[in-house]
Amino acid sequence: MQTQILERMESEVRTYSRSFPTVFTTAKGARLTDEAGGREYIDFLAGAGTLNYGHNHPKLQEALVDYITSDGITHGLDMWSQAKRDYLQTLEEVILKPRGLDYKVHLPGPTGTNAVEAAIRLARVAKGRHNIVTFTNGFHGVTMGALATTGNRKFREATGGIPTQGASFMPFDGYMGDGNDTLDYFEKLLGDNSGGLDLPAGVIVETVQGEGGINPAGLDWLKRLESICRAHDILLIVDDIQAGCGRTGKFFSFEHAGIVPDIVTNSKSLSAYGLPFAHVLMRPELDKWKPGQYNGTFRGFNMAFVTAAAAFKHFWSDDKLERDVQRKGRIVEERFTKIAAWLTERGHEASERGRGLMRGIDVRKGEIADKITAKAFENGLIIETAGHDGQVIKCLCPLVISDEDLLEGLDILERSVEEAIG
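Predicted model, so just to flag it, every value in this text is computed and none were measured.

**Section: the state of the cysteines**
Turning to step 1, where the next piece is worked out: Applying the stated criterion across every chain, the model contains 0 disulfides.
Turning to step 2, where the next piece is worked out: The structure places no disulfide on Cys245, whose sulfur is separated from the nearest cysteine sulfur, that of Cys397, by 16 Å.
Turning to step 3, where the next piece is worked out: Here Cys395 is not disulfide-linked; the sulfur of Cys397 is the nearest cysteine sulfur, at 3.9 Å.
Turning to step 4, where the next piece is worked out: When its relative accessible area of 0% is taken as the criterion, Cys395 is described as buried.

The following block contains the structure:
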């Protein structure tokens, strides 16, 4: 296995190659293959939630190959193309209209942090106010605007001392412990002229915090948050970059709560094939942009239009995938609950949490989670950690994973926990 050039030339900032030190060559479905003897690994990482439909899904692959070999437009800035038209038509007909949603689409740069930057800037333009309320343990990206709304100190300290500005943090649901509705504090500040909180232009929230440790917001909490925003003329922004595109068992994670955000950000699995792609959805009356006021060279990637539209048509024209994700989510929940109970019985307090196929086991200590995931890799499973201390073992397996691969992956994880803890 040749790794010398990789280790010598790639920046020390790399992370995943440290956790999974092998050279991968091919991938299909929920499995990755490396060059060291062609060993296969079951993938419970799926591009950190970018590959909800697995690796190289044949329907998506066929659509992409056909487009490339027909000399379809690859790059066209924000010019109109046939691929863009098909994407927008499919998004409207298959995703938005059946859910009663009326949004315009902004295509910023190709990543999630680009979408967040655009969303919070749009809120400021639309409302003429600067402040954005965000929540403890939230992760929204590492460019400067998005970083200001991201809680993890590791990322915030990497600015070299340049202060992040423009955001106020509030406690997320459950942050103050059971029985405490953290929105009481937010609402109290909004009603107090001496509370020190500048009236926000918008509130940005993940319905299930991903990097923050698989923290699901209660559905009633989300409904109350929406009502507070409406009462105070604040825009509600849902960051659905990791929790969206079916991950929680609905296409949009906020559907579970029955709320309608003013602005939505999507990326990660939006392209369906691992291609860089993001969009911002906004209520039509919020489209206050002047031409070219927010732009970028890679805004709207035609190959991603093609694979995204193909995924909408293939997976979201009925509720079959939704129901299957919810069924598989219950399987993972049951096994994770069992593993957490086994750990707790042996003196390592642990608990399961999540929604749909976005689930985690909180083992309380990062070193324990690292031992377990390292052992899992040795045993043929790729799975990562999340949380403020990396203390949550995080399952983001492909939504289309076969039952056989899912159960084998869970067996590997259970065995790895037993081996790591002893």
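There's plenty left to go through after this.
**Considering the packing of aromatic side chains**
Turning to step 1, where the next piece is worked out: For the coordinates displayed, the defined rule picks out 18 aromatic pairs.
Turning to step 2, where the next piece is worked out: Between Phe135 and Trp221, the ring centres sit 5.3 Å apart and the planes meet at 65°, which makes this aromatic pair edge-to-face. Pair noted here: Phe135 is in strand E5 (residues 132-135) and Trp221 is in helix H10 (residues 219-231), with a separation of 86 residues, a long-range link. In terms of burial, Phe135 and Trp221 fall into one category: buried.
Turning to step 3, where the next piece is worked out: Centre to centre, the rings of Phe251 and Phe312 are 5.7 Å apart; their planes meet at 75°, and the pair counts as edge-to-face. Of this pair, Phe251 sits in the loop between strand E10 (235-239) and strand E11 (263-266) while Phe312 is found in helix H11 (residues 302-315), placing the two residues 61 residues apart along the sequence.

**Overview of the nonpolar core**
Looking at soluble globular proteins, one finds that nonpolar side chains tend to be buried together.
Turning to step 1, where the next piece is worked out: Counting 87 residues, the largest nonpolar core has Phe44, Phe186, Leu225 and Leu413 as its most contacted members.
Turning to step 2, where the next piece is worked out: If you tally residues by element for this core, the top one is H11, at 9 residues.
Turning to step 3, where the next piece is worked out: Within the second largest apolar cluster, 21 residues are counted, among which are Ala123, Ala146, Ala201 and Leu286.

**Thoughts on the sheet that holds strand E2 (residues 31-34)**
Turning to step 1, where the next piece is worked out: On the basis of which strands lie adjacent, the open sheet formed by 4 strands has the order E1-E2-E3-E15 and mixed pairing. At either end of the open sheet lies a strand with only one pairing partner, and these are strand E1 (24-28) and strand E15 (381-382).
Turning to step 2, where the next piece is worked out: Two elements, strand E3 (residues 40-43) and E15, share 2 bridges in a ladder whose sense is parallel. If you follow Ile42 over to E15, its bridge partner there is Leu381.
Turning to step 3, where the next piece is worked out: Relative to E3, helix H14 (residues 403-421) is tilted by about 95°, and along the sheet it contacts E2, E3 and E15.

Cut-offs used in this document
- Residues numbered from 1 in each chain as written.
- Predicted model: local features only at pLDDT ≥ 70, side-chain atom pairs only at ≥ 80, totals over all residues.
- Heavy atoms only, no water.
- Disulfide = S-S within 2.5 Å.
- Buried < 20%, exposed > 50% of the residue type's maximum accessible area, 1.4 Å probe, protein only.
- Phe/Tyr/Trp six-rings, centres within 6.5 Å; stacked < 30°, edge-to-face > 60°.
- Helix = DSSP H or I, 4+ residues; strand = E, 2+ residues; numbered from the N terminus.
- Core = buried A, V, L, I, M, F, W, Y, C linked by side-chain atoms within 4.5 Å.
- Pairing = 2+ DSSP bridges.
- Contact = heavy atoms within 4.5 Å.
- Axes fitted to C-alpha atoms, helices over the stretch in contact; angles between N-to-C directions.

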